Every structure is written in C-alpha cells, then in structure tokens.
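Descriptive analysis of the structure
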Amino acid sequence: MIRVLLADDEAMIRSALAALLRLEDDIDVVAECADGTEAIARAVELEPDVCVLDLEMPGVDGVDVAAQLSRRIASRFVVVTRHARPGVLRRALASGVAGFLPKSRGADEVAQVVRKVAAGGRYVDPEIAADALTDERCPLTPRELDVLRVGRRGETTGQIARTLSLAPGTVRNHVSVVLGKLGVGTRQQAVLIAEEKGWI
Amino acid sequence: MCHAHTLGCVHSKPHPRGRGSFELARGIWATWWYTVSAVVLFEVFLITAWAGAWATPAGGTDVDLIVLGLGIVWLIATFWILVAYRRREEQGPLLPRRYLPALAVCVVVAAAMPFTTGSWLAGVAFLLQPLVILNWQRGVRLRVVVAATAALIAVAFIDRAHAATSLHPAAWAVGVAFSIILPLASVTSLWWWDVLVAFDRARAVESRLAATQERLLVATDVHDLQGHHLQVIALQLELAEKLMGRDPDAALEQIRAARVSVGEATQGTRDLAMRFRTVSLADELANARDLLQAAGIAATAEAAVDIDAAPADVLGPVIRETTTNVLRHGGGRRARLALELGASGWRYEIVNDRTGGATDGDGSGLEGIGRRVAEAGGTLDVRRDAHEFAVVVSVPGEQK
C-alpha cells in the first residue's frame, strides 16, 4: 500500500483527486492538506511514501514544501501544477522533486506517477519539459543575478555592496548593465521581471 | 507566425513606464541636449558679437565687459526657459509660473542693453530671443518669429541712422546679422525637437496598438476555442444524463467522450499559448543542459557556431522529446548533447549512461521523432548497449 499525502488549496480538486486515488487498490490517501504549512506539519507527523503537492498554494508553494521536507523525511515528492511558470521545473528538480505533471492529467495518470515515484523512479511530464525547454534564456550573468537577488527587498546599493563584498561603484555598474539588458528604468522593475521569469 | 512575432516583440520589451504614459524613450534625451546646445551656441555668438563690437577702440570704456557680464546672466536665464520648454505640454501655458523669474531677468538685461551700449537693436535682440522660445501654440510661433525678425530688421535700420554709427561697420554688421538670425535659428532647432517628439510618440502609440490588436486576436481565439469545446461537452453530458436510466452503457460512452473533449480543449488551449513561444535551438539546448544538471545529471551541451541556421521546426521537438526521455527515466549520471553541422547535414546526438528501462514508455516518443525526421528527409538512429543509450538524428543541411 502506498501512503499518499495530498496538498491543494482548491478543495474541490483536492477531494475529487483524493476520492479517485482511494479507488486505486494500492494507494491510500492518508492526509489532505489545504496549504503548504499544513502539508509540512502533517508530512513530518505521518511520513507518507509520496506527497502530491499543488504548486500554486498560498504561502509556501509545492516546490518549497518539497525542498523543506526532503531534508527531514524520506518521502518522495510529486508536484502538480496548472501552469508551470518559467524556471519552476529546474527549481523543482534541484529541490529533489521526483515527479512533475500538469493538473490536466487524469487521476489514473497521477496514480501511475505515484507508483513510479514510490518505486524510486522519476517522472517529468513531456508538456512540462517542453515548456521548460522553450523558456526564455536569462541574459544576466550570475553576478548580476546576485545583485538583483540581494537587492530584491529594496536594499540600498551600499547594503548590496556590503553583502556581496563588492565596491558600491561595481554594484552600480552591474545595476546599470542589468537595466540596459532588460530595457527597464529601475532596479525594482528589473527584480520584478527576474522574479516573474524565475531567474532569481 | 507573424502574430507570434509581433507579440513576442511586445513581450520581450515590456513597457517599463506603464501603458498609459507617453514618456519619451531614453535615447531621445540625447537629441534634446543637442538641441539645447545649438540654441545656447547661437546665443553665445550673439553675446560675443555685441561684446566684440564695443571692444574696438571706438567703444571707449568697459562697455564690452558690461555687455559680456549681462550676456552671461541672460544666457543662464534663457537656459532656464529652454528647460521649461523640455517639459512643455501642447496646450500648456507660455511659461510655467515658476520659470517667470528667468523671463524677468531676461527683460531686465534687455532693458539695460540700450543704456549701456546706446544700441536699440541690442536691447530688442536680447528681449525677443527669450520670447520666441516660449511655448507658443502651433502656428502662432511662426507668426511670432516672422514678427520678431521683421521688428529686428526695422530696429536695425533705425539704429544705423542714430546711435551705432560710432562703431566699426564690420563689427556692427556682425552684431546685426546675429541679432536678426537668432530667433529664426533657435526656433528651427526647437521645431526639429518637436518633430522628433512627435515621431517618438507615434512609435509608442504604434507599438501599443499592435499589442492591443494582438490581444484582441488572442481573446477571440480563446473565446472560439473554449466556446466550441464547452458546448460539445455540455451536450455530451446532457445526453449521458438522459441515457443513464435507460441505457447505462451508452451513458458511460458519452461520459468517456466528454472526457476526450476535455482533453482536446486542454490541448487546444495549450497549443494556443505555445503559439507565441519561439525559442532558438541554442537556447533550447542550453535549457536542456540546465534541466538535466538540475536533476543531478552531469550534462554537457555542444552547439555548432551557426546553430541558428539549423531547422528548428524539426530539431526543436527532437531535443524536447529526447531530453524528456533522459529526465523521466532518471537513474543516469551523465548525458551529452551535441548539435553540429557536418558534410552530410545537421547531426543531433544525445547520449546518456542509462542502461535499464530503455524500452519502457519511450517507444511512441521515438516513433514520433522518426516520423518527423523522415518527413524532413532525415534519419533517426537509436543505439543502446550495456553502458549507453544514444539517439542520433541527421537532417539535411548545407555547409556555408
């Protein structure tokens, strides 16, 4: 019997998927959670074999849940999403997510992926992979991304320079190159674009 | 495809200042400073011409220095009026209230000129210049400039008959020439600036219009697509509902059909969204490498120099499919992707150290690749042995 934890903030989808998965002979849904925080608490308590996590949950998203749990328990993780934002598959794979599929897949397919992942395999849905491969490449260098990342909460140039051990002038140079590459006027706008595209 | 292109452009260059504003592009400000320097340079000529006229021995005392001093004050004041012009609005006031002191300074300087130099023309020239560069309405400025130039010519004649006869004729002629030309020259410069601003606005409006049309087109497509599918699904479900009591098997059949329709709708929506995603093969290869690396596979990707010439419509799906295969089966530690141009054409190769489970599930994917490649006149080779799994795709292409 594969013990599954299900986390999705949309109650209709969560209960329907849970009911459908329970119809499978070898799968038991042991917990249904409405958000990421609850999923982490229940997973630590129950140690399910597989956690099926919705990507778009308020607060802690599915990939974050997987990243936090993979260090604490031996569960395997499957992330489902309605719309895979750029960069999210890379982030998921790096966080130890073993399965990634769109929500449009039927419960029978989800069950197959759960079985495969429980057996130690990995499954990346072709659609999600195709999306990831057609992502726009990030035109920024790792250092420029560092500057944006460190300054994403509106930190001053001085603060960024101290955090990265750079001269303020160097930080200003990086920022001006970033603004030029992204065609925007302020660092805040550059941060927004980079976050939207999953670069930082 | 052209739709995809326009929308792509609009997306890749987000409008940083919001959609409603008419902010000017960055580059255009350089042109503004050229315009200002041209006007300022004309004014410097005027000041030096008049100061120079009295520097001749005939001028006597320090008239030239006084003209120079007044001229510099005047130059700074007119510069402020130009700065006001930069932010002008079409229907705005002649001069915003807070710039009025600059105009007052100009008037004072102009009034002081005849008393210092004895030349009415100098005074009128220094008075009219700041007036012509105010924010006149379209058409009005032309009349203002013509009137100013006429006035300057008239005053030059009066002056010639009276006070300025004591000056050297050549120096006097230079001063007169610059005085008369200045309003016309300044306004011409500003007119060029106005034309440029108009162009810039037209460009902004055009790109917004293109984006709007694109959005409308997409909205119509989405509406048609979803409307059609939802209608079909509604009918199938209604039929299933009616059949449920009489013929459960037929009802089940309709429910299955409805699920298939839902799948089609999803796929259609996705195709619509993907229509606007175009990515170069080089980016796709680099993305593939990044993904594999993120999955803990030591992956390398080599791309030919002129990779942009490769047939992306054939090779793109091949790269996607083969990378997905490597990803989904997992277990491997190494992968190598290469796309190169040889004597016989383009050759894409992906090799990984996956050994087990090579046959599970990827049969259909590879078949699809084979079909696609064959249509393009190429070949597909799959090689597997105890240590490696390799897919090699060759498609025709010419070496430059």
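Residues numbered from 1 in each chain as written. Chains lettered and ligands numbered in written order. Predicted model: local features only at pLDDT ≥ 70, side-chain atom pairs only at ≥ 80, totals over all residues.

Attention now goes to the overall build of chain B. In terms of helices and strands, chain B carries 11 helices and 5 strands. Here chain B holds 400 residues, and 29% of them are scored as buried. For chain B, the share of sequence-separated contacts (at least 6 apart) that also reach a separation of at least 24 residues comes to 72%. (Helix = DSSP H or I, 4+ residues; strand = E, 2+ residues; numbered from the N terminus. Buried ≥ 20, exposed ≤ 12 C-beta atoms within 10 Å, placed from the backbone. Contact = placed C-beta atoms within 7 Å.)

Now for the overall build of chain A. When its secondary structure is counted, chain A shows 10 helices and 6 strands. Scored against the burial criterion, the 200 residues of chain A give a buried share of 42%. Counted over contacts in chain A with a minimum sequence separation of 6, partners at least 24 positions apart contribute 64%.

The figure often quoted for interface size is the accessible area lost as the parts come together. Counting residues at the interface gives 24 residues for chain B, matched by 24 residues for chain A. Counting only elements with at least two residues in the side of chain B that touches chain A, the list comes to helix H8 (248-274), helix H9 (281-294) and helix H10 (312-329) of chain B. Grouping the constituent residues of the side of chain B that touches chain A by class yields 10 nonpolar, 5 polar and 9 charged. (Nonpolar A, V, L, I, M, F, W, Y, C, P; charged D, E, K, R; others polar.)

Let's shift gears to the nonpolar core. Membership of the largest hydrophobic core comes to 78 residues, with the highest contact counts inside it found for Val4, Cys51, Val52, Val78, Val79 and Val114 of chain A together with Leu315 of chain B. With sequence-adjacent residues up to four places away left out, Val79 of chain A is seen in contact with Leu53, Leu55, Gly62, Val63, Ala66, Ala92, Val97 and Phe100 of chain A. Among the nonpolar cores identified, the runner-up in size contains 46 residues, and Ile47, Trp54, Trp74 and Phe178 of chain B belong to it. (Core = buried A, V, L, I, M, F, W, Y, C linked by C-beta atoms within 7 Å.)

This part is about the environment of Arg143 of chain A. Here Arg143 of chain A shows up in helix H7 (residues 142-150). Taking the C-alpha atoms as reference points, Arg143 of chain A and Leu164 of chain A, separated by 21 residues in sequence, lie 9.3 Å from one another.

This next bit is on the sheet that holds strand S4 (residues 76-81) of chain A. Residue and element names in this part refer to chain A. In space, the 6 strands of this open sheet follow the order S2-S1-S3-S4-S5-S6, with parallel pairing throughout. Single-partner strands in this sheet number two, and they are strand S2 (27-33) and strand S6 (123-124). Relative to strand S5 (residues 99-102), S4 is paired through 4 bridges, and the arrangement is parallel. From the neighbouring strand, Thr81 faces S5, where its bridge partner is Pro102. (Pairing = 2+ DSSP bridges.)

What follows concerns the pairing of strand S4 (residues 379-384) of chain B. All names here are of chain B. Pairing of S4 with strand S5 (residues 389-395), which is carried by 6 bridges, proceeds in the antiparallel orientation. Residue pairing for S5: Arg383 is matched across the bridge by Ala390. Remark: 4 residues form the turn of the hairpin made by S4 and S5, two consecutive strands paired antiparallel.

Turning our eyes to something else, we now look at the sheet that holds strand S1 (residues 298-303) of chain B. Residue and element names in this part refer to chain B. Sheet architecture is open: 5 strands sit in the order S1-S2-S3-S5-S4, paired in mixed fashion. Looking at strand neighbours, the two that pair on one side only are S1 and S4, the edges of this open sheet. Taking the axes of each pair of neighbouring strands and ignoring which way they run, one obtains an average angle of 10° across the sheet. In the packing of H9 onto the sheet, the strands contacted are S1 and strand S2 (334-342), and the crossing angle to S1 comes to about 170°. (Axes fitted to C-alpha atoms, helices over the stretch in contact; angles between N-to-C directions.)

Here we come to the pairing of S2 of chain B. Residues and elements named next belong to chain B. With 6 bridges connecting them, S1 and S2 associate as parallel partners. In the strand pairing of S2, Ala298 is matched with Arg334. Looking at chain direction, S2 and strand S3 (residues 345-352) are connected through 8 bridges and run antiparallel. Along S3, the bridge assignment pairs Ala335 with Asn352. Where S2 folds back onto S3 in an antiparallel hairpin, the turn is made up of 2 residues.

This next bit is on helix H5 (residues 120-132) of chain B. Residue and element names in this part refer to chain B. Here H5 contains 13 residues, and its C-alpha end-to-end distance of 18 Å stays within 8% of the 18 Å for a straight helix at 1.5 Å per residue. Where burial is concerned, most of H5 is hidden: 10 out of the 13 residues are buried. Where H5 is concerned, the buried positions are Leu121, Ala122, Gly123, Val124, Ala125, Phe126, Leu128, Gln129, Pro130 and Leu131. Against the buried residues of H5 lie helix H2 (28-55), helix H3 (63-86), helix H4 (100-117), helix H6 (140-161) and helix H7 (169-246). (Expected span 1.5 Å × (residues − 1).)

Residue and element names in this part refer to chain B. Interhelical geometry of H5 versus H6 gives an angle of 175° and a closest axis separation of 9 Å. Taken together, the axes of H5 and H6 lie roughly antiparallel to each other. Contacts between H5 and H6 involve Trp120, Leu121, Val124, Ala125, Leu128 and Val132 from the first element and Val144, Val145, Ala148, Ala151, Leu152, Val155, Ala156, Ile158 and Asp159 from the second. For the contact of H5 with H6, a count of residues per class yields 14 nonpolar, no polar and 1 charged. (Parallel < 35°, antiparallel > 145°, perpendicular 65-115°, else oblique.)

Our focus in this paragraph is the packing of H2 of chain B against H7 of chain B. All names here are of chain B. Two numbers describe how H2 lies on H7: the axes approach to 9 Å, and their chain directions differ by 170°. Considered as vectors, H2 and H7 are oriented roughly antiparallel to each other. Looking at side-chain class alone, the contact of H2 with H7 contains 20 nonpolar, 7 polar and 1 charged residues.

Position of Val260 of chain B relative to the elements: it lies in helix H8. Separated by 27 residues in sequence, Val260 of chain B and Ile233 of chain B have C-alpha atoms that sit 9.1 Å apart.

A few words on the confidence of the model for chain B. For chain B, the average pLDDT comes to 82, and 87% of its residues sit at 70 or higher. The ipTM for the predicted assembly is 0.76, set against a pTM of 0.63. (pLDDT = per-residue confidence, 0-100.)

Turning to the environment of Ala265 of chain B, a few remarks are in order. All names here are of chain B. Within the element layout of this structure, Ala265 appears in helix H8. By C-beta crowding, Ala265 is classed as partly exposed, having 18 other C-beta atoms within 10 Å. Residues Ala265 and Ile233, 32 residues apart in the sequence, show an inter-C-alpha distance of 9.6 Å. Discounting residues that sit within four places of it in the chain, Ala265 has contacts with Gln226 and His229.

Residues and elements named next belong to chain A. Of note, Glu47 is a non-glycine position whose phi angle comes to about 45°, a positive value. As for its placement among the helices and strands, Glu47 is situated in the loop between helix H2 (36-46) and strand S3 (50-54). Unusually for a residue other than glycine, Ser165 sits at a positive phi of about 55°. With respect to the helices, strands and loops of the structure, Ser165 is situated in the loop between helix H8 (157-164) and helix H9 (168-182). Its 6 C-beta neighbours within 10 Å are what place Ser165 among the exposed residues.

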